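Single-letter residue listing:
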Amino acid sequence: METIINKEELAYRKAARRVKELKGFYGNLTSYCLVIPFLIVLNVITDASHLWFFWPMLGWGIGLLAHGVNTFGIGRAWEEKKIKELMEEERKNSKTL
């Protein structure tokens, strides 16, 4: 019975962590989509001869891309595999003690 509860609790914690990651990414994306157009308009209204909005758009865009890759992409399968490997190792060590 204890094992079932632990598995359920583990699954819940994993799901909660995933939701937190997704929420963080979508919050970052929403902020980007609201702030960057504001900066573009501000830049064009104040001094259209010097377009500086590209710099924050580029910097934040690179950060957003990295956040997206971390949330959805490349490292996800490796991370899951490593977690399972470490959990299996811990299970084997607890049986030998």
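Below or above, wherever it landed, is the structure these notes cover. These figures come from a predicted structure and were not determined experimentally.

### What to know about a nonpolar patch on the surface
So, step 1. Together, Val 44, Leu 51, Phe 54, Trp 55, Leu 58 and Ile 62 make up a nonpolar patch on the protein surface, roughly 630 Å² of accessible area in all.
So, step 2. The biggest single contributor to the nonpolar patch is helix H2 (residues 54–72), with four residues.
So, step 3. Tracing the sequence through the fold places Val 44 in helix H1 (residues 2–47).
So, step 4. By relative accessible area, Val 44 is classed as partly exposed at 45%.

### Examining the environment of Leu 39
So, step 1. Here Leu 39 is to be found in helix H1.
So, step 2. Along the chain, Leu 39 and Ile 83 lie 44 residues apart, while their C-alpha atoms are 42 Å from each other.
So, step 3. In this view, Leu 39 contacts Trp 52, Phe 53 and Pro 56; residues no more than four positions away in its chain are not counted.

Conventions used here
Residues numbered from 1 in each chain as written. Predicted model: local features only at pLDDT ≥ 70, side-chain atom pairs only at ≥ 80, totals over all residues. Heavy atoms only, no water. Patch = residues over 30% accessible without salt bridge, like charges linked within 9 Å, V, L, I, M, F, W, Y side chains within 5 Å. Areas by Shrake-Rupley, 256 points an atom, 1.4 Å probe, with all protein chains shown as cover. Salt bridge = Lys/Arg side-chain N within 4 Å of Asp/Glu carboxyl O. Helix = DSSP H or I, 4+ residues; strand = E, 2+ residues; numbered from the N terminus. Buried < 20%, exposed > 50% of the residue type's maximum accessible area, 1.4 Å probe, protein only. Contact = heavy atoms within 4.5 Å.

Geometric values such as these leave the question of function open.
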